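Chain by chain, the residues:
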Amino acid sequence: MAVSKDSGSMILGMLICWLLNLAQLGIAFFLLATSEKTLPAFYVLVFAIGLVQIGYVVPLYRLLLRNGKPRAAQGLIIAAGITAIVNAALVPRVLPFPR
C-alpha cells in the first residue's frame, strides 16, 4: 500500500479546526468565570459555535488554499461541518425553547 506524503494533511486540517473550537470554548468559560455581565457572550460562544467558527474557518481555508494545502483546507471544512451539525443537534436539547 503506497502512502502519499500528503496523506495526513486532511487530519491536520480537522485538528486545527477542533483545536480552535476548544480555544473558543476556553475563552467562553473564562468570560463566564470573570463576571455574570459576560453571560450573553458566553451563550453566543458556546451555543452558536457552529456559526461563530465561520469567522476563523473561512480565512484559514483561504490561507491553506493559497499556500497549496488543499487537503488540509478540505479537512478544515469537514471538521467545521461536523461541529455545526453536532451543535445544531445538541442546542435544542440543552436550551429550553418555548413551544
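Numbering of residues starts from 1 in every chain and runs along the sequence as written. The model is predicted, so local features are restricted to residues of pLDDT at least 70 and side-chain atom pairs to those at 80 or more, both for listing and for counting; the totals for chains, interfaces and linings are taken over all residues. To get the side-chain values, take all heavy atoms of the structure and skip hydrogens and water.

Asker: I keep staring at the overall build of the chain and nothing clicks. Help me out?
Answerer: We count a stretch as a helix when DSSP gives it H or I for four or more residues in a row; a strand needs E for two or more, and each element gets its number in order from the N terminus. When you go through the chain residue by residue, the secondary structure sums to five helices and zero strands. Restricting the calculation to C-alpha atoms gives the radius of gyration, and the globule rule supplies 2.2 Å times the number of residues raised to the power 0.38. Taken over C-alpha atoms, the radius of gyration comes to 16 Å for the chain, far larger than the 13 Å a tight globule of 99 residues would show. Each residue is placed in one exposure class: buried if its accessible area under a 1.4 Å probe, protein chains only, is under 20% of its type's maximum, exposed if it is over 50%, and partly exposed if it falls in between. Within the chain, the fraction of its 99 residues that count as buried is 27%. Note on contacts: a residue pair qualifies if any of its non-hydrogen atoms lie within 4.5 Å across the two residues. Across the chain, every contact between residues at least 6 apart in sequence was considered, and the portion connecting residues at least 24 apart equals 65%. Carbon and sulfur atoms make up 72% of the accessible area of the chain, which amounts to about 6,900 Å² in all. Here the Shrake-Rupley method, with its probe set to 1.4 Å, supplies the accessible areas, and only the displayed protein chains count as covering residues.

Asker: Would you take a moment to explain the packing of helix α1 (residues 9-34) against helix α4 (residues 54-66) for this structure?
Answerer: Any two packed helices are characterised by how steeply their axes cross, that is the angle between the axes, and by the distance between the axes. To get an axis, fit a line to the C-alpha atoms, keeping to the stretch in contact for a helix; angles then go from 0 to 180 degrees between the N-to-C directions. α4 packs onto α1 with a crossing angle of 150° between their chain directions and a minimal axis gap of 11 Å. The angle between the axes of α1 and α4 places the two elements in the roughly antiparallel class. Our pair here, α1 against α4, has a crossing hand that is right-handed. For the pair α1 and α4, contact is made by Ile-16, Cys-17, Leu-20, Asn-21 and Gln-24 and by Tyr-56, Val-57 and Leu-60, respectively. For the contact of α1 with α4, a count of residues per class yields six nonpolar, two polar and no charged. Geometric relationships in this document are graded by angle, where less than 35 degrees denotes roughly parallel, more than 145 denotes roughly antiparallel, 65 to 115 denotes roughly perpendicular, and other angles denote oblique. What makes a crossing left-handed is the near helix being turned counterclockwise from the far one by less than a right angle; a clockwise turn instead makes it right-handed. Nonpolar residues are Ala, Val, Leu, Ile, Met, Phe, Trp, Tyr, Cys and Pro. Charged residues are Asp, Glu, Lys and Arg, and all others, Gly as well, are polar.

Asker: Looking at this structure, how should I read the packing of aromatic side chains?
Answerer: Ring pairs (aromatic) are described by centroid distance and by the angle formed between their planes. Between rings of Phe, Tyr and Trp, where Trp is taken as its six-membered ring, a pair exists when centres lie within 6.5 Å; planes separated by under 30 degrees are stacked, by over 60 edge-to-face, and by other angles tilted. The full count for this structure, using the stated rule, is three aromatic pairs. Measuring from ring centre to ring centre gives 5.3 Å for Phe-29 and Phe-42, while their planes differ by 65°; the resulting arrangement is edge-to-face. Of this pair, Phe-29 sits in helix α1 while Phe-42 sits in helix α2 (residues 39-47), and the two are 13 residues apart along the sequence. Here Phe-29 falls in the partly exposed class, since its relative accessible area comes to 47%. A residue is classified by how much of its surface remains accessible, and Phe-42, at 9% relative accessible area, is buried. What links up through ring pairs into an aromatic cluster is the set Phe-29, Phe-42, Tyr-43 and Phe-47.

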